[in-house]
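Working through the structure, step by step
Here are the chains, one letter per residue:
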Amino acid sequence: MATARDYRQRRRLRRDRHGRGLRGTLYPATLPAAASRAERFDALVLDALEPIEARWRHELTKLDVAVDDVPEVRENGKAPSDGVLHDGAVPLSRLVPAGVDRTGMPTRARIVLYRRPLEARAKDPSELAELVHDVLVEQVAGYLGVEPDVIEGE
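Quantities reported herein were computed from a predicted structural model and do not represent experimental measurements.

Quick notes on the rules
Residues numbered from 1 in each chain as written. Predicted model: local features only at pLDDT ≥ 70, side-chain atom pairs only at ≥ 80, totals over all residues. Heavy atoms only, no water. Helix = DSSP H or I, 4+ residues; strand = E, 2+ residues; numbered from the N terminus. Buried < 20%, exposed > 50% of the residue type's maximum accessible area, 1.4 Å probe, protein only. Contact = heavy atoms within 4.5 Å. Areas by Shrake-Rupley, 256 points an atom, 1.4 Å probe, with all protein chains shown as cover. Salt bridge = Lys/Arg side-chain N within 4 Å of Asp/Glu carboxyl O. Pairing = 2+ DSSP bridges. Polar contact = N/O pair within 3.5 Å; in protein donor to acceptor, adjacent residues only side chain to side chain.

Looking only at helices and strands, the chain features five helices and six strands. Order of helices (α) and strands (β) in the chain, N terminus to C terminus: α-α-β-β-β-β-β-β-α-α-α. For the chain, with 154 residues in total, the buried portion stands at 25%. Once local pairs closer than 6 in sequence are excluded, the contacts in the chain between residues at least 24 apart make up 54%. Roughly 11300 Å² of accessible area belongs to the chain as shown, and the carbon and sulfur atoms make up 51% of that amount.

This paragraph deals with the pattern of salt bridges. The tally for this structure, following the rule as stated, stands at four salt bridges. One salt bridge connects Arg115 with Asp69, and the closest N-O pair in it is separated by 3.0 Å. With Arg115 in helix α3 (residues 115-121) and Asp69 in the loop between β1 (63-68) and β2 (84-87), the pair connects residues that are 46 residues apart, well separated along the chain. In this structure Asp69 comes out as partly exposed when scored by relative accessible area, which is 39%. Between Glu119 and Arg115 there is a salt bridge, and its shortest N-O distance comes to 3.1 Å. Of the two residues, Glu119 and Arg115 both sit in helix α3, four residues apart, roughly one turn of that helix.

Turning our attention to the pairing of strand β3 (residues 90-96). β3 sits mainly inside the fold: six of its seven residues count as buried. As paired strands, β2 and β3 are joined by four bridges and run antiparallel to one another. Looking at β3, one finds that Val84 is bridged to Arg94. The sheet contact formed by β3 and strand β6 (residues 109-114) spans four bridges and is antiparallel. Note that in β6 the partner of Val96 across the bridge is Arg110.

Okay, the side chain of Arg115 next. By relative accessible area, which is 9% here, Arg115 ends up buried. Only 3.0 Å separates the side chain of Arg115 from the side chain of Asp69, close enough to count as a polar contact.

Rendered as structure tokens:
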């Protein structure tokens, strides 16, 4: 014979600690809606970089593209200003030249896009895609030492 205690224990095993039931994913991992904002932004950067890289493949072999959430701030409260593309006082991206790291190893040149400042300036996904493309064109032009119009082929 089942008692009320047995029923509560069985019931507790099937629910989370707040009594809301089992919690799981809302969407299967195969659907685009399951991707996080950061993953969607990374995909957007790759899509924007693809036509640029197709045209300038040989010149961009020693260039990396990275995404950071926000710009780094130094101890004095200022962000690095060399190679930075600003919108007012807020950095949107940075071109880091090739050099040597702290351990003495050579580093490749890299463009760092700052995800959150870029997302804050776009009203919708299409505007964000256009903004990311424009920023990449500006930074690649700075890296190659040419005008942005040349990068886009205009």
